[in-house]
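Per-entry structural report
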Amino acid sequence: MIRPALRLTRAAAALGRPASIERLALFGALLAAFEATHGFCDHWGQASETAKCKRLYGEHRVYSDGTSAREGDGRTGEPTTSASARGRRAVARHSAEYTAIQTGLALTLTRAFGYRVSPAALLAGAAINGLTHAAIDRGAFFLWLADRTGKRGYVDHCQATRLDPDGGAHEEITGPGSAWMELDEALHRFIGVSAAAVTVLLTTYGTDPR
């Protein structure tokens, strides 16, 4: 039993260099951190008002909660902005919070295990995750991509039914239970693989990160 085990150990050492094992381990840790924080940041770390406003478009005036401003609505004196400006501000806030939490966990996790990730590499990974998250969550790019990949029919067909305060029901194309949300989350996770890979490559090639 001992000799076969030794042969397996030697074979594994011959097939995998320590640097390769190091890269794979770092990639797995970063991918786990990115994956674990994605759902948390979207559902626990994102304010309801931000989620409501981040896909607003148009030049009509809205209040900070995304409600359209109308004469006689009893909210005279409250500041307003265009719907598009409110949408951009909301998605920027969500992306910043998402990136901060995700990057913070990745840094904490790797440091806890005694590994020092290159700051430039960590920022590169954060930029990939954060900027693409903002572009996708804004909505227009997501729909453009759905059109180009033949997924628009799926998005339009698989909507969710929401109950109104008066007991009525209406369809909603985004949010839990919709194809939009399923495709959105799958796309974010797939991009996380690229972000983790780039971070690993920038950290481990040509440097000693420990």
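Now for a look at the structure at hand.

Reading guide: rules and limits
For every chain, the first residue of the written sequence is number 1, and numbering continues from 1 onward in sequence order. Thresholds applied to this predicted model are a pLDDT of at least 70 for local features of residues and 80 or more for the giving and counting of side-chain atom pairs; totals over whole chains, interfaces and linings are not thresholded and use all residues. Hydrogen atoms and water are omitted, and side-chain values are computed over all heavy atoms in the structure. One bridge is not enough; two strands pair if DSSP finds at least two bridges between them. Numbering goes from the N terminus for both helices and strands, where a helix is a DSSP run of H or I of at least four residues and a strand is a run of E of at least two. Centres within 6.5 Å are what make two rings of Phe, Tyr or Trp a pair, Trp counting through its six-membered ring; a difference in plane orientation under 30 degrees is then read as stacked, over 60 as edge-to-face, and the rest as tilted. For every residue, the accessible area (1.4 Å probe, protein chains only) is compared with the maximum for its type, and the residue is labelled buried under 20%, exposed over 50%, or partly exposed between those bounds. Charge-over-ring placement is defined geometrically: NZ (Lys) or CZ (Arg) within 6 Å of the ring centre, and within 35 degrees of the ring normal. By salt bridge we mean one thing: a side-chain nitrogen of Lys or Arg within 4 Å of a carboxyl oxygen of Asp or Glu. Lining residues are those with an atom within 4 Å of a point, where the points come from a 1 Å grid over the protein atoms alone and group into cavities, where a 1.4 Å probe fits but cannot get out, or pockets, open sets with protein on both sides within 12 Å along at least five of seven lines. Grid points are joined across faces, edges and corners, and a volume is the space filled by probe spheres set on the points.

Some points on the pairing of strand 4 (residues 169–172)
One face of the sheet, then the other: side chains in a regular strand alternate in exactly this way. With four bridges connecting them, strand 3 (residues 160–163) and strand 4 associate as antiparallel partners. From the neighbouring strand, Thr161 faces strand 4, where its bridge partner is Glu171. Counting the residues between successive antiparallel strands, the hairpin from strand 3 to strand 4 contains five residues, one of them, Gly167, with a positive phi of roughly 95 degrees.

Re the packing of aromatic side chains
Taken as a whole and judged by the stated rule, the model has two aromatic pairs. Centroid distance Phe141 to Trp144: 5.8 Å. Interplanar angle 20 degrees. Geometry classified as stacked. Taken as a pair, Phe141 and Trp144 lie in helix 6 (residues 140–148) at a separation of three residues, close to a single helical turn. Residue Phe141 is classed as partly exposed on the basis of its relative accessible area of 38%. Seen from their ring centres, Phe142 and Trp180 are 4.6 Å apart, and the 25 degrees between their planes marks the pair as stacked. One end of the pair, Phe142, is in helix 6; the other, Trp180, is in helix 8 (residues 179–204), and 38 residues separate them in sequence. With relative accessibility at 3%, the residue Phe142 sits in the buried group. Over the ring of Tyr63 we find Arg75; its NZ or CZ atom is 4.0 Å from the centre of that ring. The residue whose ring lies beneath Arg138 is Tyr57, and the NZ or CZ to ring-centre distance is 3.9 Å.

Considering the pattern of salt bridges
A complete count under the given rule lists ten salt bridges for this structure. Taking the shortest distance from any N to any O, the salt bridge between Asp137 and Lys54 comes out at 2.9 Å. Of this pair, Asp137 sits in helix 5 (residues 119–138) while Lys54 sits in the loop between helix 3 (48–53) and strand 1 (61–62), and the two are 83 residues apart along the sequence. As far as the burial class goes, Asp137 and Lys54 line up, both buried. Where Arg152 meets Asp156, a salt bridge forms, and the shortest distance between an N and an O atom there is 3.4 Å. Of this pair, Arg152 and Asp156 both sit in helix 7 (residues 152–157), four residues apart, which is roughly one turn of that helix.

Here's the deal with empty space enclosed by the protein
Considering all chains together, one arrives at one cavity of 30 Å³ or more under this definition. In terms of lining residues, the largest cavity is bounded by Leu31, Phe34, Glu35, His38, Tyr98, Gln102, Asn129, His188, Arg189 and Gly192. Those elements giving two or more residues to the lining of the largest cavity turn out to be helix 2 (18–43), helix 4 (83–112) and helix 8. If you tally residues by element for the lining of the largest cavity, the top one is helix 2, at four residues.

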